[in-house]
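# Structural description and commentary
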Amino acid sequence: MSANATASIEQVRQALARPLPGLPAMLPMIPPDRRADLYRYLTPPPCRHAGALLLLYPLAGSLHFLLTRRAESVEAHKGQISLPGGAQEDGESLQATALREAFEEVGVDPAKVEMLGSLSPVYIPPSNFYLHPFVGYMARKPDYNAFAGEVAELIEMPLGDLLEAKAVEEDWVIQGQPRRVPFYAFGPHKVWGATAMVLAEFAAALL
């Protein structure tokens, strides 16, 4: 599928109404040394829960979605590319968490977001979070207002680029340890970890 033939919002709705492809679709984005222990992704240990928002909107004639580059001052996943999201608060639904975090991080008005559905949750071993992604839609591009304490950069991605993307692997050193890391290369940005797993399932659901 070419970037010019990107999915329509109705196709997204239809895709999210079907059974999700789940962990098999995420496998290319799981580091090779963790693929032997997939049980932790299906049944994570006691952990904190988080919500994230994959927000779609029209821009330049096609659907786009928002990624952020996390600030170096945040507690976890410094400098990484992620979806707007964060930890669930007491008494809060996970969908409400995703919307609240999108408002706090990038200024998206929750009242203007049409929620389309959810994707499979992803366990994040380094921070011991269970991330619950939700897909939302706005009929117009949001007026973003990024919170500098958490967001270093806003990245508006054409959905067609994701549908054409393939996993790339490189040898990295993370916390002093050599790792083989799969990622998506979007221009100068490398999207890996839980965010890449979420995007891989979303692309598989659409394709």
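Preceding block: the structure.
Presented here is an overview of the structure given in this document. (Residues numbered from 1 in each chain as written. Predicted model: local features only at pLDDT ≥ 70, side-chain atom pairs only at ≥ 80, totals over all residues. Heavy atoms only, no water.)

## Re the environment of Ala 17
- If you trace the backbone, Ala 17 turns up in helix H1 (residues 9–17).
- We classify Ala 17 as exposed; its relative accessible area is 68%.
- Each C-alpha atom of the pair Ala 17 and Asp 90 lies 29 Å from the other, and the pair is 73 residues apart in sequence. (Helix = DSSP H or I, 4+ residues; strand = E, 2+ residues; numbered from the N terminus. Buried < 20%, exposed > 50% of the residue type's maximum accessible area, 1.4 Å probe, protein only.)

## Points about the packing of aromatic side chains
- The full count for this structure, using the stated rule, is four aromatic pairs.
- Taking 6.1 Å as the distance between ring centres and 70° as the angle between the ring planes, the aromatic pair formed by Tyr 57 and Tyr 144 counts as edge-to-face. Linking Tyr 57 in strand E1 (residues 48–59) with Tyr 144 in the loop between strand E7 (129–137) and strand E8 (151–158), this pair joins segments that are 87 residues apart in sequence. Across the pair, exposure class does not vary: Tyr 57 and Tyr 144 are buried alike.
- What links up through ring pairs into an aromatic cluster is the set Trp 172, Phe 183 and Trp 192. (Phe/Tyr/Trp six-rings, centres within 6.5 Å; stacked < 30°, edge-to-face > 60°.)

## A look at the sheet that holds strand E11 (residues 189–192)
- Strand order in this open sheet of three strands is E9-E10-E11, and the pairing throughout is antiparallel. Each end of this open sheet is capped by a strand with a single partner; those strands are strand E9 (168–174) and E11. Adjacent strand axes in the sheet meet at a mean angle of 55°, parallel and antiparallel pairs treated alike.
- Relative to strand E10 (residues 177–186), E9 runs antiparallel, the two being bridged by seven bridges. Counted as the bridge partner of Ile 174 is Gln 177 from E10. (Pairing = 2+ DSSP bridges. Axes fitted to C-alpha atoms, helices over the stretch in contact; angles between N-to-C directions.)

## Here's the deal with the packing of H1 against helix H6 (residues 193–206)
- Put simply, H1 and H6 touch, their axes get as near as 9 Å, and they point 100° apart. Looking at the two axes, H1 sits roughly perpendicular to H6. Here Gln 11, Val 12 and Ala 15 of H1 come into contact with H6, specifically with Phe 202, Ala 205 and Leu 206.
- Among the residues making up the contact of H1 with H6, the classes are represented as five nonpolar, one polar and no charged. (Parallel < 35°, antiparallel > 145°, perpendicular 65-115°, else oblique. Contact = heavy atoms within 4.5 Å. Nonpolar A, V, L, I, M, F, W, Y, C, P; charged D, E, K, R; others polar.)

## Here we look at the side chain of Arg 100
- Within the element layout of this structure, Arg 100 appears in helix H4 (residues 94–106).
- Apart from residues no more than four positions distant in its own chain, Arg 100 is found in contact with Ala 87, Glu 89 and Glu 92.

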